[in-house]
Amino acid sequence: MWLSKSLRFSLFPTHTKLPPFLPILTSHFCASSRSQTCLHDEAISRFNSLLHMRHVPPIFEFGKILGLLVKMKRYTTAVSLIKQMEFKGILCNLANLSLLMNCFFHLDQLAFAFSVFAKTLKRGYHPDVITLTTLIRGLCDKGEVEKALILHDKIVTLGFRLDEFAYATLMNGLCKIGETKAAIKLFRMIEGRSRVTYNIIIDGLFKDKYTKEAYDLYSEMVVNGISPDVVTYNTLVYGFCLVNQLEEAFGFINEMLSNSIMPNVYTYNILIDALCKQGKLREAKNVLGVMVKAYVKPNHFSFNALMNGYCLVNQVKNAKQLFNAMTQMRVSPNVRSYTIMINGLIKNDRMDEAINLFQEIQQKNMVPDTVTYTTLIDGFCKYGRITYVWDLIDDMHNRNQQPNTITYNCLLDALCKSYNLDKAFELYNTMMENGIQPNKYTWNILLDGMCKGGKLEKAQEIFKDLLIKGYPLDVCSYNTMINGLCKKGFLDEALTLWSKMEDNGCLPNVITFKIMSRALFEKDEIDKAEAFLCEMVSRGLL
DNA sequence: GTAGGGTTAG
């Protein structure tokens, strides 16, 4: 009962202005360790001294430093040191070449990465399992999982055996693009499944909301004598939070504690985020307090989750306070922090402050990403300041932040709501030409636009078509159509759709009931309208 | 191998 106990008292009185956990945080975490910059400079000077020794030191001495730099994510430095090394006539070994390839992948220079691989072969090295795993991981990380799979098939055909690290990498890549089934196929194919491979598949299943299957696999893992570690538990906690089963999630927290596995920053952040999304801000804040007391330093994720939570319950003031406080904690806001604040400010009618923050991003030499732009674009759309929108879209292109489905959805919604249906469809065509796939929001926006823009029949046609194709329409799609039908006086058809939706596995919500009862009241069908309201109450929808 | 931000219906 670790959390419930800690929740009984509040660590944070509500009357103070500054986040009260700040003093605790600063005293805990400000004891300085040697900075990354310092280590980085030391590595460079050590490398240089190796380079200038009268007798060339063994190559692995260079490799050690290069490995350290990669661990510190100083890829550019590693590349430049390897260049200097080769310039001096000290040739890379296979390990150095794999490391170099890895650096180029991280630097998004795929062509260079492949040329290093070509160089490896040209120099007569036989790529080992590490070289191949580096290639597989590079491809997966850059969204080329398909190519990684082809590479895997080739490697196997050539009679080479990959190890469990390589398979874990490949399975993780597959899960990340939603190909959990393919990952499971590999998982069942290989022998000697490790904890890491179990963790990957369990996580993939949870993210696809196959909660039971994920849990079953966890049980299988335990039966096979593999004990869960902190990552396994985090995966379980996250998986149950994802389907709003927080009780189960906390059950696993208790289980991990009784197995003497300490929660880490991921564990706490998962809990903070889940609590925030349920609007339980007080509890979320308490988790942060518990975390700090356990000497686990909050990071971007922790602060962003909490800020987002405050915005969700319309407490932008508290979010802003946290935003200002994180800098003092040496966790400077990142682009996501800014986006959360911009969104919160816009939703609270503080457009000008949102614009100021947007400008602050650029002043700090950060680049707003597609989500930041989309947030601001949606704000301008809803405030009817359309001229700014096109400037922002130009800006996006100039900064190589491409609009995606959601960006288009915001624009489509703006066009529909201002009765520019033709322009909306024009934009829809542009979207398709640019290879951007519509999602269910797109259809709901367009259906609503058609219903309200005098194209009810067209909307019905498209709606039917989507139904036939088995497109995952949701309660919002049904509500849109039912409302459209009601508004044009087709009450019978609305009722038919109403009775169909539940058969199609879509439960009506409060909005459905409100639409129906209002339409019935307007037609003086008072009894029926009241029956709907009663039904709504009896279903617990209030 | 595990965590975060933006879009729709009354």
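Residues numbered from 1 in each chain as written. Chains lettered and ligands numbered in written order. Predicted model: local features only at pLDDT ≥ 70, side-chain atom pairs only at ≥ 80, totals over all residues. Heavy atoms only, no water.

Caption draft 1: Spotlight on the overall build of chain A. Check the secondary structure of chain A and you find 31 helices and zero strands. Seen through its C-alpha atoms, chain A measures out along the principal axes to roughly 100 × 55 × 55 Å. By the burial criterion, 46% of the 542 residues in chain A qualify as buried. Sequence-distant contacts in chain A: of pairs separated by 6 or more residues, those separated by 24 or more amount to 59%. In the structure as shown, chain A presents an accessible area of about 28,900 Å², 55% of it carried by carbon and sulfur atoms. Here chain A carries 61 positive and 53 negative side-chain charges, and the mean point of each set is 8 Å from the other. (Helix = DSSP H or I, 4+ residues; strand = E, 2+ residues; numbered from the N terminus. Buried < 20%, exposed > 50% of the residue type's maximum accessible area, 1.4 Å probe, protein only. Contact = heavy atoms within 4.5 Å. Areas by Shrake-Rupley, 256 points an atom, 1.4 Å probe, with all protein chains shown as cover. Lys, Arg positive; Asp, Glu negative; His and termini not counted. Charge placed at Lys NZ, Arg CZ, Asp CG, Glu CD.)

Caption draft 2: Region of the structure containing the nonpolar core. Among the nonpolar cores identified, the biggest contains 165 residues, and M171, I272, L306 and I482 are the most heavily contacted of them. For this core, the two domains that each supply at least three residues are domain 1 (34-122) and domain 2 (474-542). Sequence-distant contacts of I482, that is, excluding residues within four places in its chain, are made with A494, L497, W498, M501, T512, I515 and M516. (Core = buried A, V, L, I, M, F, W, Y, C linked by side-chain atoms within 4.5 Å. Domains from an automatic or database assignment.)

Caption draft 3: Structural view of the domain arrangement of chain A. Here chain A is partitioned into domain 1 (34-122) and domain 2 (474-542). The straight-line distance from the C-alpha centre of domain 1 to that of domain 2 is 66 Å.

Caption draft 4: Geometry of the protein's contact with DNA strand B. Not every one of the 59 residues close to DNA strand B is listed here, only the nearest: K176, N199, N304, N409 and N444. Here, DNA strand B places atoms within 4 Å of the protein, and 41% of those atoms are sugar or phosphate. N409 has a polar side-chain atom sitting 2.2 Å from a base oxygen of DNA strand B. A class-by-class count of the residues in the surface near DNA strand B yields 17 nonpolar, 24 polar and 18 charged. (Near = heavy atom within 4 Å. Polar contact = N/O pair within 3.5 Å; in protein donor to acceptor, adjacent residues only side chain to side chain. Nonpolar A, V, L, I, M, F, W, Y, C, P; charged D, E, K, R; others polar.)

Caption draft 5: Structural detail: the pattern of salt bridges. Across all of its chains, the model carries 19 salt bridges by this definition. In this structure, E144 and K147 form a salt bridge, with 3.6 Å as the shortest nitrogen-oxygen distance. A salt bridge links D465 to K469; its shortest N-O distance comes to 3.0 Å. What makes K469 exposed here is its relative accessible area of 63%. Residues participating in the shared-partner salt-bridge network are E502, E535 and R539. (Salt bridge = Lys/Arg side-chain N within 4 Å of Asp/Glu carboxyl O.)

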